[in-house]
Amino acid sequence: MTEPDIPPAETLSADRAATMRMCAVTRVVRPVAELIRFVAGPDGSVVPDIRSKLPGRGVWVSNSRATLEQAMRRKVFARALKVGVTCPAHLAEQVERLLKQDALQMLAIANKAGAVVTGFDKIEGMKGAIAVLVQAWDGSLAERRRLQGYLRGRGADRADPPVVQGFAADELALSLGRQHVIHAALRSQEASSAFLARALRLDEFRVGDPAAPGGSAPDAVPAEALDFSRS
């Protein structure tokens, strides 16, 4: 199975309509949510299109830093895009930065929608189900675990709320417009679900392709920073 030779003017609408695409590296057909789209930029460089909105022929790669680095080494983009392109040396870092920015922007949107509560005591006293618990990876590990313990069974259907720990305290503070943020909890709203999906996407890119057990990205952040467990 290969990607059809779609004229550039029709490529974007076809990509938006697609629910499955083939990874150009692994040749495995996967849901588009598990892939990242790349296009050729005006200057001839490879550009990540994490929201699948840019025009032109797209190349899809599994949402994994290790897989992206394989694509770069094997010159997959030049062959798939069928044009002479240059691949930035720091493309993987650029993708991670964009995925992080995307997640933090959605966190800011959730905050504007009134879904976010910050602070240990305020979160402990929240009423109703907690959709996501966000904790800065550089905050106190003991305090993070203590709050998780208090919130057991406080998620949807009395499950433990999912825990996101992939951001630093200053990143959370900037996103939420506050001076200091270690703990933030999101109420069950649409924006909260959208944030969780983006945070998980960032985590998957960092730790590797879920289809390849044991794979890990080089220069990964500490393991606790990537804890999306329900403990």
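See above for the structure.
Residues numbered from 1 in each chain as written. Predicted model: local features only at pLDDT ≥ 70, side-chain atom pairs only at ≥ 80, totals over all residues. Heavy atoms only, no water.

A word on the overall build of the protein chain
Move 1: Helix and strand counts for the protein chain come out as eight helices and nine strands.
Move 2: When burial is assessed residue by residue, the protein chain has 48% of its 231 residues classed as buried.
Move 3: Of the contacts made within the protein chain by residues no fewer than 6 positions apart, 70% connect residues no fewer than 24 positions apart. (Helix = DSSP H or I, 4+ residues; strand = E, 2+ residues; numbered from the N terminus. Buried < 20%, exposed > 50% of the residue type's maximum accessible area, 1.4 Å probe, protein only. Contact = heavy atoms within 4.5 Å.)

Some words on the nonpolar core
Move 1: Of all hydrophobic cores here, the largest spans 49 residues; its most connected members are F38, F77, F167 and F195.
Move 2: Looking at this core element by element, the count peaks at nine residues for helix α4 (residues 91-112).
Move 3: Of all hydrophobic cores here, the second largest spans 10 residues; its members include I123, L133, L147 and A185. (Core = buried A, V, L, I, M, F, W, Y, C linked by side-chain atoms within 4.5 Å.)

Things to note about the sheet that holds strand β6 (residues 116-118)
Move 1: Here four strands make up an open sheet; going across it, the order is β6-β9-β7-β8 and the pairing mixed. Because the sheet does not close on itself, it has two edges, and the strands there are β6 and β8 (163-164).
Move 2: Contacts from helix α6 (residues 141-150) reach β7 (130-135), β8 and β9 (183-187) within the one sheet, and its direction differs from that of β7 by about 170°. (Pairing = 2+ DSSP bridges. Axes fitted to C-alpha atoms, helices over the stretch in contact; angles between N-to-C directions.)

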